[in-house]
Amino acid sequence: MEYSITAEEFQQFRTLIYDESGISLGEQKKSLLASRLSKRLRDLDLGTFSEYYAKVTQDPTREEFTRLLDLISTNKTDFFREPKHFDFLRDQILPGLERVKRIRIWSSACSTGEEPYTIAMTLYEGVANPDRWDFKILASDLSTRVLAKAASGTYDEDRFRDVPPEFIKRHFLRGRGEQSGVFKVKPHLAAAITFRRLNLMDDHFPIKNQLDLIFCRNVMIYFDRPTQETLVNKFHRYLKPGGYLFIGHSESLQWVNHPFKSIAPTIYQKEG
Ligand SMILES: C[S@@+](CC[C@H](N)C(=O)[O-])C[C@H]1O[C@@H](n2cnc3c(N)ncnc32)[C@H](O)[C@@H]1O
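Each value, and the rule that gives it
- Residues numbered from 1 in each chain as written.
- Predicted model: local features only at pLDDT ≥ 70, side-chain atom pairs only at ≥ 80, totals over all residues.
- Heavy atoms only, no water.
- Core = buried A, V, L, I, M, F, W, Y, C linked by side-chain atoms within 4.5 Å.
- Buried < 20%, exposed > 50% of the residue type's maximum accessible area, 1.4 Å probe, protein only.
- Helix = DSSP H or I, 4+ residues; strand = E, 2+ residues; numbered from the N terminus.
- Contact = heavy atoms within 4.5 Å.
- Pairing = 2+ DSSP bridges.
- Axes fitted to C-alpha atoms, helices over the stretch in contact; angles between N-to-C directions.
- Phe/Tyr/Trp six-rings, centres within 6.5 Å; stacked < 30°, edge-to-face > 60°.
- Near = heavy atom within 4 Å.
- Polar contact = N/O pair within 3.5 Å; in protein donor to acceptor, adjacent residues only side chain to side chain.
- Areas by Shrake-Rupley, 256 points an atom, 1.4 Å probe, with all protein chains shown as cover.
- Nonpolar A, V, L, I, M, F, W, Y, C, P; charged D, E, K, R; others polar.
- Arc of directions from axis to C-beta.
- Domains from an automatic or database assignment.
- Salt bridge = Lys/Arg side-chain N within 4 Å of Asp/Glu carboxyl O.
- Parallel < 35°, antiparallel > 145°, perpendicular 65-115°, else oblique.
- Left-handed = near helix turned anticlockwise from the far one by under 90°.

**Side note on the nonpolar core**
- Counting residues in hydrophobic clusters, the biggest one holds 45 residues, and the most contacted among them are L68, W106 and L245.
- If you list the elements that add at least two residues to this core, you get α1 (7–21), α2 (30–43), α3 (49–58), α4 (63–72), β7 (211–216), α10 (225–238) and β8 (239–247).
- Among all residues touching W106, those that are not within four sequence positions of it are L138, S140, L198, L200, F205, I207, L211, L213, I214, F215 and F235.
- Residues L97, L147, V163 and I168 belong to the second largest nonpolar core, which totals 39 residues.

Here it is, written out as structure tokens:
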């Protein structure tokens, strides 16, 4: 059974979700929200969305709010999704850092980890002596559920459709026996990545040294224009002069005020 949500209840959830995550749910998302949350109401044995709203907002641990966000957010991702960005990293960014052999990257809405592991594979495969490089990738997301999956570094075989077989061999361990069909990331690749829960709505991020590259792909599409603008301008502060911002292929900063130079449709560079 699906619970019905009143216009007032929908408005309450919309405001809460927007204030906390920046995710902007349009009027047309009312039935989607109701259907995504109905099972949770049933599991908690609640009668109405108002009761659920009270539970979410009165929970001092904020666990229920995290669960709510997990239910409404879209975590779709893939290894080598939108591959032009990884080609650009390999061909345009890495050669310029060959002398210093150091790169700092932030995968800022990393979902279940395919994006940061793809970045790490691109780094290892894209330079002549990876062991002599200092690679560091910060991978973050708002959802603790997807971060736990990402940090486990474990994926079913069918997730690797777009990964070259030699990359799989070099960077993942094939499970045997009961683990057959499951691949686990090898320690050298895992060591390059730090996973952390970060909310893109925060004013400050725990990043001390400016970055060479920020991936913010397929999340800004859920934010309204003012939220996108604030975020993109924040990213600018965390990048080195000459650093890059990659956004998703269906996203655009065309209507957003920002100080970046546009290099290609989804690639932006901080001048200097
Ligand atoms: C569709 S996935 C994108 C994954 C990956 N970047 C890609 O392009 O394949 C969007 C992710 O954004 C995360 N997200 C949504 N709002 C967020 C926020 N305010 N701060 C950080 N992450 C957020 C969601 O939890 C979800 O995992």
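Additional details are given in the paragraphs that follow.
**A word on the sheet that holds strand β2 (residues 134–141)**
- With respect to topology, seven strands assemble into an open sheet ordered β6-β2-β1-β7-β8-β10-β9, the strand pairing being mixed. The open sheet terminates on both sides in strands that have one partner only, identified here as β6 (193–197) and β9 (261–264). On average, adjacent strands in this sheet sit at an angle of 20° to one another, irrespective of strand direction.
- Here strand β1 (residues 102–107) runs beside β7; their pairing, made up of three bridges, is parallel.

**Structural notes on the pairing of β9**
- In the sheet, β9 pairs with strand β10 (residues 267–269) via three bridges, with the strands oriented antiparallel. By the bridge assignment, A264 is partnered in β10 with I267.
- Between the end of β9 and the start of β10, which pair antiparallel, lie two residues.

**A word on the sheet that holds strand β3 (residues 154–156)**
- Judged by pairing direction, the sheet is antiparallel, and its three strands sit side by side in the order β3-β5-β4 without closing on themselves. Here the strands that pair on one side only, and so sit at the sheet edges, are β3 and β4 (172–174). The mean inter-strand angle of the sheet, taken between neighbouring strand axes irrespective of direction, is 30°.
- Pairing of β3 with strand β5 (residues 182–185) involves three bridges; the strand directions are antiparallel. Across the sheet, residue T154 finds its bridge partner in β5, namely K184.

**Some details on the packing of aromatic side chains**
- A complete count under the given rule lists 25 aromatic pairs for this structure.
- Here Y117 and F172 contribute two aromatic rings whose centre-to-centre distance is 6.5 Å and whose plane-to-plane angle is 70°, an arrangement assigned as edge-to-face. Remark: F172 occurs in strand β4 and Y117 occurs in helix α6 (residues 114–126); sequence separation between them is 55 residues. Neither residue differs from the other here; Y117 and F172 are each classed as buried.

**Points about the site of the ligand**
- The immediate surroundings of the ligand are formed by 21 residues, with S21, T77, A109, D141 and N218 found nearest.
- In this structure, A109 approaches the ligand through a main-chain N or O atom, which is 2.8 Å from a nitrogen atom.
- The contact in question runs from an oxygen atom of the ligand to an N or O atom on the side chain of N218, over 2.7 Å.
- The protein chains hide 98% of the 610 Å² of surface that the ligand would expose on its own.
- Grouping the constituent residues of the shell around the ligand by class yields seven nonpolar, nine polar and five charged.

**Quick look at helix α7 (residues 144–152)**
- For α7, the full list of buried residues reads V146, L147 and A150. Viewed end-on, α7 has its buried residues packed into an arc of 100°, placing them on one side of the element.
- Against the buried residues of α7 lie α6, β2, β3 and β6.
- The distance from a side-chain oxygen at the start of α7 to the backbone nitrogen of R145 is 3.3 Å, and the residue carrying that oxygen is S143.

**Some details on the domain arrangement of the protein**
- Considered domain by domain, the protein is made up of domain 1 (7–72) and domain 2 (84–269).
- At the junction of domain 1 and domain 2, the tally comes to one salt bridge.
- With a closest N to O distance of 3.7 Å, R145 and D70 form a salt bridge.
- Between the two partners, domain 1 and domain 2, sit five residue pairs in polar contact (both at pLDDT 80 or more).
- The residue inventory of the side of domain 1 that touches domain 2, partitioned by class, reads three nonpolar, four polar and two charged.

**Focus on the packing of α1 against α3**
- Taken N-terminus to C-terminus, the directions of α1 and α3 make an angle of 25°; their axes are 10 Å apart at the nearest point. If you check the angle between α1 and α3, you find them roughly parallel. Along this stretch, α1 crosses α3, giving a crossing that reads as left-handed. Taken together, the residues of α3 that come into contact with α1 (itself represented by E9, Q12, F13 and L16) are F49, S50, Y52, Y53, V56 and T57.

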